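Remarks on the overall topology
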Amino acid sequence: MIKVTVGNNVRRNSVIVDEQTTLRAVLEDNDIDYTKGTMHMDGSTLEPGDLDKTFEEMGIKEKTFLLNVVKADNA
């Protein structure tokens with residue numbers, strides 16, 4: 001089981017998921033709109049296709065931060 005801190009600029013939530021869960025499933029289950037902003041896992045920007053990978057495929061074993069970051073126009 002993996003502890004995932006999932007969220008965006010406004011709110012964050014910690015959930016426990018199975019290693020075989022996809023990143024997209026966790027985002028959708030927690031009502032995080034991943035179509036706006038940039039998706040990051042542990043501070044690194046995710047690449048196209050990464051949302052459909054499992055946590056195991058991404059090399060995550062214990063805990064991670066999965067965040068959607070929206071930058072303001074003048075930030």
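Residues numbered from 1 in each chain as written. Predicted model: local features only at pLDDT ≥ 70, side-chain atom pairs only at ≥ 80, totals over all residues. Heavy atoms only, no water.

A word on the nonpolar core. Across soluble globular proteins, you tend to see nonpolar side chains buried next to one another. Val4, Val26, Phe55 and Leu66 are the most contacted members of the largest nonpolar core, which totals 16 residues. Within the residue set of this core, elements represented by two or more residues are strand 1 (2-7), strand 2 (12-17), helix 1 (23-29) and strand 3 (38-41). The residues contacting valine 4, other than those within four sequence positions of it, are Asn13, Ser14, Val15, Val17, Val26, Phe55, Thr64 and Leu66. (Core = buried A, V, L, I, M, F, W, Y, C linked by side-chain atoms within 4.5 Å. Buried < 20%, exposed > 50% of the residue type's maximum accessible area, 1.4 Å probe, protein only. Helix = DSSP H or I, 4+ residues; strand = E, 2+ residues; numbered from the N terminus. Contact = heavy atoms within 4.5 Å.)

Further remarks concern the pattern of salt bridges. Under the criterion given, the structure shown has three salt bridges. Arginine 24 is the partner of aspartate 52 in a salt bridge, and the nearest nitrogen-oxygen pair spans 2.7 Å. Of the two residues, aspartate 52 sits in the loop between strand 4 (44-45) and strand 5 (63-69) while arginine 24 sits in helix 1, which places them 28 residues apart along the sequence. Residue aspartate 50 pairs with lysine 53 through a salt bridge whose shortest N-O separation is 3.2 Å. Classification of lysine 53 by relative accessible area gives partly exposed; the value is 33%. (Salt bridge = Lys/Arg side-chain N within 4 Å of Asp/Glu carboxyl O.)

Below, the discussion takes up unusual backbone geometry. For aspartate 31, which is not glycine, the phi dihedral falls at a positive 55°. Structurally, aspartate 31 is set in the loop between helix 1 and strand 3. The phi dihedral of aspartate 42 falls on the positive side, at around 50°, and the residue is not glycine. Along the chain, the position of aspartate 42 falls in the loop between strand 3 and strand 4.

Another point: the side chain of asparagine 30. Looking at where asparagine 30 falls in the secondary structure, it is placed in the loop between helix 1 and strand 3. When sequence neighbours within four positions are dropped, the list of residues in contact with asparagine 30 reads Val6, Arg11, Asn13 and Val15.

Right, let's get into the sheet that holds strand 5. Overall, mixed pairing links the five strands, which are arranged 2-1-5-3-4 in an open sheet. Looking at strand neighbours, the two that pair on one side only are strand 2 and strand 4, the edges of this open sheet. Alignment of strand 3 against strand 5, held across four bridges, turns out to be antiparallel. Looking across to strand 5, one finds that threonine 38 is bridged to valine 69. (Pairing = 2+ DSSP bridges.)

Read these as layout, nothing more, since geometry by itself doesn't imply function.
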